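Notes for the structure review
Below, each chain spelled out in residue letters.
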Amino acid sequence: MRTLKFFALVLLIVVAAQGRAFAAMPEISAGEMYFDIFKGVYVLKGNVHVAADNHGFKAKITADEAQVSVTKQKCWASGHVKLTQESITFSCDKAYLQWQTRTAEVTGAVKFANKKSVAITSDTAVFNWQDKIVDFYGKVTVKAEKKLKFAEGVKLDGKNYQHVRYNVVEDTILALDKDFDAPEIKIPAVEEE
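First, a word on what this report is: a plain description of the structure on this page. The structure displayed is predicted, hence computed values, not measured ones. (Residues numbered from 1 in each chain as written. Predicted model: local features only at pLDDT ≥ 70, side-chain atom pairs only at ≥ 80, totals over all residues. Heavy atoms only, no water.)

**Some remarks on the overall build of the protein chain**
Each helix and strand counted, the protein chain has one helix and twelve strands in total. When its helices and strands are written in sequence order, the protein chain yields α-β-β-β-β-β-β-β-β-β-β-β-β. Per-residue burial for the protein chain yields a buried fraction of 42% across its 193 residues. Look at the contacts in the protein chain between residues 6 or more apart in sequence, and 39% of them connect residues 24 or more apart. If you sum the accessible surface of the protein chain, you get close to 10900 Å²; carbon and sulfur atoms cover 52% of it. (Helix = DSSP H or I, 4+ residues; strand = E, 2+ residues; numbered from the N terminus. Buried < 20%, exposed > 50% of the residue type's maximum accessible area, 1.4 Å probe, protein only. Contact = heavy atoms within 4.5 Å. Areas by Shrake-Rupley, 256 points an atom, 1.4 Å probe, with all protein chains shown as cover.)

Next up, the structure:
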């Protein structure tokens, strides 16, 4: 009986906290979906769709699988991941989004496209959607259209780099580094959080 009361209390806390966690509750759908009470996450498998509105940042995520913690405001996605926000698109193998820090970390066969001006591929990337800055790391290639802008002193002198910094709003390349010590970007497991 005591275990049942504890379980009911935990469930009530999780459900109550969900309503306050986001500016708007994310829309979540998948072929298979259930709530893991012990991890505190929605587990999504097959045809995953997550649409979130985090204080004006509206994004859609599709993937083969995902886990979403509404209370921690985090999403782990894997398998054919695609993140779409207005005119930009990220595709990758794995993504980790944190609404509180307003960041998305993506790894594995990263492809980024701004329909207006640039296509960038890399091994990993970090997108800060508050600052609207993306840092690409690893083997980075840049395919630029004539409309693309460059910060003062930055010039495209090839296609291969180890680090590229891009401002999404200003559509401007801020840095092109051929020699760069990239930080290791590792997507944590849900259990590590």
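So that's the structure; there's more coming.
**Considering the nonpolar core**
With 42 residues, the main nonpolar core has Phe-90, Leu-97, Phe-112, Ile-120, Phe-136 and Val-164 as its most contacted residues. In this structure, Val-164 is in contact with Ile-120, Val-134, Asp-135, Phe-136, Val-140, Val-142, Ile-173, Ala-175 and Leu-176, ignoring residues within four places of it in sequence. The next biggest cluster of nonpolar side chains, apart from the first, holds six residues, and it includes Val-43, Tyr-96, Ile-187 and Val-190. (Core = buried A, V, L, I, M, F, W, Y, C linked by side-chain atoms within 4.5 Å.)

**Observations concerning the layout of surface pockets**
Each pocket or cavity is described by its volume, and for the largest pocket that value is around 290 Å³. Residue lining of the largest pocket: 16 residues in total, with Gln-67, Trp-76, Ser-78, Pro-188 and Val-190 positioned closest to the centre. Only strand 3 (41-54), strand 4 (57-69) and strand 5 (74-85) provide two or more residues apiece to the lining of the largest pocket. Looking at the lining of the largest pocket, its residues break down into nine nonpolar, two polar and five charged. (1 Å grid on protein atoms, 1.4 Å probe; cavity = no way out; pocket = protein on both sides within 12 Å on 5 of 7 lines; lining within 4 Å. Points joined across faces, edges and corners; volume = space filled by probe spheres on them. Nonpolar A, V, L, I, M, F, W, Y, C, P; charged D, E, K, R; others polar.)

**Section: the side chain of Asp-171**
The topology assignment puts Asp-171 in the loop between strand 11 (160-167) and strand 12 (172-177). Buried charge without a salt bridge: Asp-171, with Lys-149 as the nearest opposite-charge side chain at an N-O distance of 6.0 Å. A polar atom in the side chain of Asp-171 sits 2.4 Å from the side chain of Ser-117. Leaving out residues up to four positions away in the same chain, Asp-171 has contacts with Asn-114, Ser-117, Lys-147, Leu-148, Lys-149 and Tyr-166. (Lys, Arg positive; Asp, Glu negative; His and termini not counted. Salt bridge = Lys/Arg side-chain N within 4 Å of Asp/Glu carboxyl O. Polar contact = N/O pair within 3.5 Å; in protein donor to acceptor, adjacent residues only side chain to side chain.)

**So, the pairing of strand 5**
As defined by bridge partners, strand 5 adjoins strand 6 (residues 88-98) across ten bridges and the pair is classed as antiparallel. Note on strand 6: the bridge partner recorded for Lys-82 is Ser-91. (Pairing = 2+ DSSP bridges.)

**What about the environment of Asn-160?**
With respect to the helices, strands and loops of the structure, Asn-160 is situated in strand 11. Judged by its relative accessible area of 49%, Asn-160 falls in the partly exposed class. Placed 18 residues apart in sequence, Asn-160 and Val-142 show a C-alpha to C-alpha distance of 6.9 Å. Contact partners of Asn-160, with chain neighbours within four places excluded, come to Val-140, Thr-141 and Lys-178.

**What about unusual backbone geometry?**
Of note, Asn-47 is a non-glycine position whose phi angle comes to about 55 degrees, a positive value. Position of Asn-47 relative to the elements: it lies in strand 3. For Lys-132, which is not glycine, the phi torsion reads 65 degrees and is therefore positive. Residue placement: Lys-132 occurs in the loop between strand 8 (118-128) and strand 9 (133-144). Of the residues examined, Lys-132 reaches a relative accessible area of 25% and is grouped as partly exposed.

**Digging into the pairing of strand 12**
Examined bridge by bridge, strand 10 (residues 149-150) and strand 12 share two bridges and lie parallel to one another. Pairing of Phe-150 across the sheet is with Ile-173, part of strand 12. Counted along the chain from strand 11 to the antiparallel partner strand 12, the turn is four residues long, and its residue Asp-171 has a positive phi close to 50 degrees.

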